[in-house]
Amino acid sequence: MEEGMKVKKEIMDSSGMDRAITRIAHEILEKNKGTDDLVLIGIRTRGVPLANRLAGKIKKIEDVEVKTGILDITLYRDDLSTVSQQPIVHRTEIPFDISNKKVVLVDDVLFTGRTVRAALDALIDLGRPRQIQLAIMVDRGHRELPIRADFVGKNLPTSLSEVVSVNLKEIDGEDSILLLEKE
Amino acid sequence: MTLTKKDFLGLYDTDAEEIEEILNTARAMKDILTRSVKKVPTLRGKTVINLFYEPSTRTKFSFNLAAKRLSADVMSISKSTSSITKGESLLDTAKTMEVMGSDVVVVRHSSPGAAKFLAENISAAVLNAGDGAHSHPTQALLDMYTIREKLGRLAGLKVLIVGDIAHSRVARSNIWGLKKMGAEVSVVGPLTLIPTEIEKMGVKVYSNLDKALEGADVVNILRIQMERQESGLFPSIREYRELYGMNKERLKKAGKDLLVMHPGPMNRGIEIESSVADSSQSVITEQVKNGVAIRMALLYLLAGREIKNEDID
């Protein structure tokens, strides 16, 4: 948990998250009328296991393996000249051509929209997808750019002093979505 | 954690964790070089100045390209085509560049300590691209990157450096870096060209190349600096080739797993035979490619920093 923060409320537990991910998987299939040309790309860090889980659900529903990739947006951030230390750059791992694909970008929290803006620029430097859609676990509002999600696990109105923490087994050891506030 | 110093002067001044971070960042940068759009917007609006007081093909070109791949504005100044020929000092030249708004100054100079001197006197980040016989950290980093990419690790590997160790900034930087990353380093060459204090750096000294090659994982062959021929420290070219030249027979005896490196430019037929330089065990062209990725990593790690005047001593 982030330092100096305490839990105000549990928004979703493990089974709630699993149901939300199952629903999003169904919605993705419905909107795209199946899995043709569909790929899932998770934004580092927590979008990556979420994309893999969505791929797992789709496999269960349709018995089709949808390709997944990992996007690191660090080099495309718009705040690099204001941070005091350079954030660590990780690799983007998308081992297939995204041109003419229907790309579903996956991330844990949608907040200002700046991460998604960076992700869109990063993706377009890799090829020319036919479509880019956005799947998000929690939409907490406070957008600073004209960006919206196509698939949302939970809409959660928040105040700016609060923090939404999406915990995932693969990274954090447990599944939960917590609303935190300053102590 | 990330590089915290304003400047990047040498591997003597860098710890293992920082080296690790530079190498990992370079891995992500190398991916960019293989895509069809070989450019990222990361350093948009930043300015990089290449200040080269010594001739250089690959280092200068590599820094130029690295800055451009990151979308920085980059200008290069060479000794022969600038006011340096009118006698302007290093510091005055650098200060002139700085007031025109440069964020990173890349400097290559024949005097050891030139980069450090600049770093202490200007507020822009200074990146050492080679200072005399002292240090050439980006070459050592790209060498280490290439070794790690090919052999999967650095710790525990046996690396042999062949040639004129005394006058080589490449050798010194490789020794500092490789030792910090846990490799075993040995050197071999005419004893007149091996500094007496080199063993204090923790390296093994050989005078016989064939003996030194036994068990080595990597051989890094230094360029014979022809300009040192008159110094009297040097055997004849023919003698050097016989005793210290890497040839087909030696390569065959060393085995198929030996990685062959050379920082360039090569004197083919002297320190390295063409058949060795162009063999499948040679990673010399790979080194050049990796150099761009290493320099992108360093420019990223240095240039993004907010530069404050308090950073100056």
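Calculation rules
- Residues numbered from 1 in each chain as written.
- Chains lettered and ligands numbered in written order.
- Predicted model: local features only at pLDDT ≥ 70, side-chain atom pairs only at ≥ 80, totals over all residues.
- Helix = DSSP H or I, 4+ residues; strand = E, 2+ residues; numbered from the N terminus.
- Rg over C-alpha atoms; globule rule 2.2 N^0.38 Å.
- Contact = placed C-beta atoms within 7 Å.
- Core = buried A, V, L, I, M, F, W, Y, C linked by C-beta atoms within 7 Å.
- Buried ≥ 20, exposed ≤ 12 C-beta atoms within 10 Å, placed from the backbone.
- Domains from an automatic or database assignment.
- Pairing = 2+ DSSP bridges.
- Axes fitted to C-alpha atoms, helices over the stretch in contact; angles between N-to-C directions.
- Nonpolar A, V, L, I, M, F, W, Y, C, P; charged D, E, K, R; others polar.
- Left-handed = near helix turned anticlockwise from the far one by under 90°.
- Parallel < 35°, antiparallel > 145°, perpendicular 65-115°, else oblique.
- Right-handed = clockwise from strand over helix to strand, strands pointing away.

Undergrad: How do you make sense of the overall build of chain A when you look at a structure like this?
TA: The helix and strand tally for chain A stands at four helices and eight strands. Traced from its N-terminal end to its C-terminal end, chain A shows the element sequence β-α-β-α-β-β-α-β-β-β-α-β. On C-alpha atoms alone, chain A measures out to a radius of gyration of 16 Å, which is about the 16 Å that the 2.2 N^0.38 rule sets for 183 residues. Across its three principal axes, chain A shows a C-alpha extent of roughly 50 × 40 × 30 Å. Contacts spanning at least 24 positions in sequence make up 71% of the contacts within chain A whose residues lie at least 6 apart.

Undergrad: What exactly am I supposed to notice about the nonpolar core here?
TA: Nonpolar side chains in soluble globular proteins generally cluster together in the buried interior. Counting 142 residues, the largest nonpolar core has Leu-54 of chain A together with Val-105, Val-219 and Leu-299 of chain B as its most contacted members. Counting residues per element, this core draws most heavily on helix α11 (residues 284-303) of chain B, at eleven residues. Both domains that meet at this core, namely domain 1 (11-134 + 291-311) and domain 2 (137-288) of chain B, each give it at least three residues. Excluding its chain neighbours within four sequence positions, the residues that come into contact with Val-219 of chain B are Leu-160, Val-162, Leu-213, Met-246, Leu-258, Val-260 and Met-261 of chain B.

Undergrad: Looking at this structure, how should I read the domain arrangement of chain B?
TA: Often, the extent of an interface is quoted as the loss of accessible area on bringing the components together. Residue and element names in this part refer to chain B. Segmenting chain B into domains produces domain 1 (11-134 + 291-311) and domain 2 (137-288). Summarising the inter-unit geometry, the C-alpha centres of domain 1 and domain 2 are found 26 Å apart. On the side of domain 2, 20 residues touch domain 1, which itself brings 19 residues to the contact. Going through the elements one at a time, α1 (16-33), β4 (125-131) and α11 are the ones with two or more residues in the side of domain 1 that touches domain 2. Per element, the largest residue contribution to the side of domain 1 that touches domain 2 is five residues, and it comes from α1.

Undergrad: Can you walk me through the sheet that holds strand β8 (residues 218-221) of chain B in this structure?
TA: Strand pairing in a sheet relies on backbone hydrogen bonds. The paired strands run either parallel or antiparallel. All names here are of chain B. Pairing is parallel in the open sheet, where five strands are placed in the order β7-β6-β5-β8-β9. This sheet does not close on itself; its edge strands, each paired only once, are β7 (204-206) and β9 (259-261). Mean inter-strand twist for the sheet, computed between neighbouring axes without regard to direction, equals 20°. Note: β8 against β9, three bridges, orientation parallel. Across the sheet, Asn-220 pairs through a bridge with Met-261, a residue of β9.

Undergrad: How should I be thinking about the interface of chain B and chain A in this particular structure?
TA: If you look at the interface, chain B gives 15 residues, while chain A gives 15 residues. Of all the secondary-structure elements, those providing two or more residues to the side of chain B that touches chain A are α1 and α11 of chain B. It is α1 of chain B that provides the largest number of residues to the side of chain B that touches chain A, a total of four residues. Along the lines of polarity and charge, the residues of the side of chain B that touches chain A split into six nonpolar, four polar and five charged.

Undergrad: Help me out: how do you make sense of the environment of Ile-22 of chain B in this one?
TA: Residues and elements named next belong to chain B. Relative to the helices and strands, Ile-22 resides in helix α1. Judged by the 24 C-beta atoms lying within 10 Å of it, Ile-22 is buried. The spacing of Ile-22 and Ala-297 is 275 residues in sequence and 6.1 Å in space, taken between C-alpha atoms.

Undergrad: What exactly am I supposed to notice about the packing of helix α5 (residues 137-151) of chain B against α11 of chain B here?
TA: In a pair of packed helices, the angle between the axes and the distance between the axes together describe the arrangement. All names here are of chain B. Two elements in contact, α5 and α11, have axes whose closest approach is 8 Å; the angle formed by their N-to-C orientations is 115°. The handedness of the crossing between α5 and α11 comes out as right-handed. Every residue of α11 that contacts α5 at Thr-138, Leu-141, Leu-142, Asp-143, Tyr-145 and Thr-146 is listed here: Glu-286, Gln-287, Asn-290, Gly-291, Ile-294, Arg-295 and Leu-298. Residue composition of the contact of α5 with α11, grouped by class: five nonpolar, five polar and three charged.

Undergrad: Sorry, what's going on with the packing of helix α2 (residues 58-69) of chain B against α11 of chain B here?
TA: Residues and elements named next belong to chain B. For the pair α2 and α11, interaxial distance at closest approach is 8 Å and the crossing angle is 55°. Considering the angle they form, α2 stands oblique to α11. In the packing of α2 onto α11, the handedness of the crossing is right-handed. Listed contacts from α11 to Arg-58, Ser-62, Phe-63, Leu-65, Ala-66, Ala-67 and Arg-69 of α2 are Val-288, Gly-291, Val-292, Arg-295, Met-296 and Leu-299. Considered class by class, the residues forming the contact of α2 with α11 number eight nonpolar, two polar and three charged.

Undergrad: Which parts of the structure should I look at to understand unusual backbone geometry?
TA: Peptide bonds are trans in most cases, and residues, glycine excluded, mostly fall at negative phi. That bond from Arg-44 of chain A to Thr-45 of chain A is cis: its omega, 5°, falls within 30 degrees of zero. Counting through the fold element by element, Thr-45 of chain A comes out in the loop between β2 (38-43) and α2 (47-62). The phi torsion at Lys-33 of chain A lies on the positive side, around 50°, for a residue other than glycine. Position of Lys-33 of chain A among the secondary structure elements: in the loop between α1 (14-31) and β2. With a phi close to 70°, Ser-71 of chain B is a non-glycine residue in the positive phi region. Note on placement: Ser-71 of chain B falls in the loop between α2 and β2 (73-78).

Undergrad: Even after reading the chapter, I still don't get the pairing of β2 of chain B, so can you show me in this structure?
TA: For a regular strand, side chains alternate in direction, first toward one face of the sheet and then toward the other. Residues and elements named next belong to chain B. Of the strand pairs in this sheet, strand β1 (residues 47-52) and β2 are connected by six bridges, and their pairing is parallel. Within β2, the position partnered with Val-48 by the bridge is Val-74. Crossover β1 to β2 through α2 is right-handed.

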